[in-house]
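Notes for the structure review
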Amino acid sequence: MTDGRRRYSPSRLKTYSACGYAHYLAKIERVPERQAVWFVQGTSVHEGIEAYERSSRTLPLGAAEEVFVAAWDRELAAAREAQPDDEMWMVGGRKKLAADIQTRFEIGRQQVADYIERHTTQDDLQPAELAPAEPAVEVGFELDFGDFSVLGYIDCIMESRSTGALMPLDWKTGSKMPTDPYQLATYGIAITELTGQPVEWAAYWDCLNNKLVRKDLKIYPKEMVGNWYRQLHNGIQAGSFLPNPGDCFTCTVRPSCIFGA
């Protein structure tokens, strides 16, 4: 940070708004965090889908699956090295870690296959090309809000062939779609800043249920989005980290939290 400004991200805003104390433990105290196979699954599915979209939807399924498997092996090894204690791993249901690893590997591979089956070169929605012959995948951005900025990466910017409208698309592999507007609203503002084109809609691709989940962005102007991050910035500067215990099962810092339910 050569200019001394704070940098934030949609994920950091989401963490802080969900539970300020969890944010404090993870980002300020940097306590040991729990791992989960669903983190590995998410990254690996993203890389498989990303490779397919970067190829302008010409990459064969087998090649996309190879990308997924390579990412899985790399991410799982890194996660195991970072957290070798099996007791510090979150698993779904009552599974053992080994069973969860195998189950999620198969689910993740199928999610890549399902995405490719549902997204062809004949669809109205195609990855936009912000630069010639370069599909808009993993598009980086930085929004300037004066004494701080917001940065991140958009999974994919889609363009409607019929209308020319642009839309951020985020790939989600979990069982629950986000209910807050922070990520997609930020992406919409970022696309407008990058292209000058208003963005009215965004979407998640729900990999578990293999469907598009659209979100209306017209109610989230830049002033509102900027104010969300202003509150995050001011709260961190003031040392305000209020706990919000309740939905603690998937909290990575739960073992270190005195409020953990």
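Refer to the structure above for everything that follows.
Scope of this entry: the structure provided in the associated data block. Not measured: the values here are computed from a predicted model. (Residues numbered from 1 in each chain as written. Predicted model: local features only at pLDDT ≥ 70, side-chain atom pairs only at ≥ 80, totals over all residues. Heavy atoms only, no water.)

**Some words on unusual backbone geometry**
Phi angles above zero are rare outside glycine, and Glu138 is one such case at about 50°. Examined against the element boundaries, Glu138 turns out to sit in strand 7 (residues 137–144). Residue class for Glu138 comes out partly exposed when judged on its relative accessible area of 29%. The backbone of Asn210 sits at a positive phi, close to 55°, despite the residue not being glycine. Mapped onto the elements, Asn210 comes out in the loop between strand 10 (201–206) and strand 11 (211–216). For Asn210, a relative accessible area of 17% puts it in the buried group. (Helix = DSSP H or I, 4+ residues; strand = E, 2+ residues; numbered from the N terminus. Buried < 20%, exposed > 50% of the residue type's maximum accessible area, 1.4 Å probe, protein only.)

**A closer look at the nonpolar core**
Generally speaking, soluble globular proteins have nonpolar side chains that are buried together. Within the largest apolar cluster, 33 residues are counted, with the highest numbers of intra-cluster contacts made by Phe141, Leu143, Val150, Ile154, Ile157, Tyr229 and Leu232. Taken together, the elements giving at least two residues each to this core come down to helix 1 (10–18), strand 7, strand 8 (148–160), helix 6 (182–195), strand 10 and helix 7 (222–238). Looking at this core, the element that brings in the most residues is helix 6, giving seven residues. Setting aside residues no more than four positions away along its own chain, Ile154 makes contact with Val137, Glu138, Val139, Phe141, Pro168, Tyr187, Ala190 and Ile191. Listed in part, the 27 residues of the second largest apolar core include Phe68, Ile101, Cys156 and Met158. (Core = buried A, V, L, I, M, F, W, Y, C linked by side-chain atoms within 4.5 Å. Contact = heavy atoms within 4.5 Å.)

**A closer look at helix 6**
With 14 residues, helix 6 extends 20 Å between its outermost C-alpha atoms, agreeing within 8% with the 20 Å of an ideal straight helix rising 1.5 Å per residue. Within helix 6, 10 of the 14 residues are buried, which leaves the element mostly enclosed by the surrounding structure. When we look at burial in helix 6, the residues that qualify are Tyr182, Gln183, Leu184, Ala185, Thr186, Tyr187, Gly188, Ile189, Ala190 and Ile191. Just beyond helix 6, the residue with positive phi is Gly196, at close to 80°. (Expected span 1.5 Å × (residues − 1).)

**Comments concerning the pattern of salt bridges**
Counted according to the given criterion, the structure contains 16 salt bridges. For Glu106, the salt bridge identified is with Arg109, shortest N-O distance 3.1 Å. Within this pair, Glu106 and its partner Arg109 are both found in helix 5 (residues 97–118), separated by three residues, close to a single helical turn. By relative accessible area, which is 29% here, Arg109 ends up partly exposed. Note that Lys222 and Glu193 form a salt bridge whose closest N and O atoms lie 3.0 Å from each other. On the criterion of sequence distance, the pair formed by Lys222 in helix 7 and Glu193 in helix 6 is long-range, its members being 29 residues apart. Overall, the relative accessible area of 30% leaves Lys222 in the partly exposed class. (Salt bridge = Lys/Arg side-chain N within 4 Å of Asp/Glu carboxyl O.)

**Points about the packing of helix 1 against helix 6**
To describe two helices that pack against each other, one gives the angle between their axes and the distance between the axes. Relative to each other, helix 1 and helix 6 sit at 150°, their axes nearing to 9 Å. Here helix 1 lies roughly antiparallel to helix 6, going by the angle between them. Helix 1 and helix 6 meet at a crossing whose hand is right-handed. Counted together, Pro10, Leu13, Lys14 and Ser17 of helix 1 and Tyr182, Gln183, Thr186 and Tyr187 of helix 6 form the full contact between these two elements. Among the residues forming the contact of helix 1 with helix 6, the class breakdown is four nonpolar, three polar and one charged. (Axes fitted to C-alpha atoms, helices over the stretch in contact; angles between N-to-C directions. Parallel < 35°, antiparallel > 145°, perpendicular 65-115°, else oblique. Left-handed = near helix turned anticlockwise from the far one by under 90°. Nonpolar A, V, L, I, M, F, W, Y, C, P; charged D, E, K, R; others polar.)

Everything listed here is a matter of coordinates, which is why it stays silent on function.
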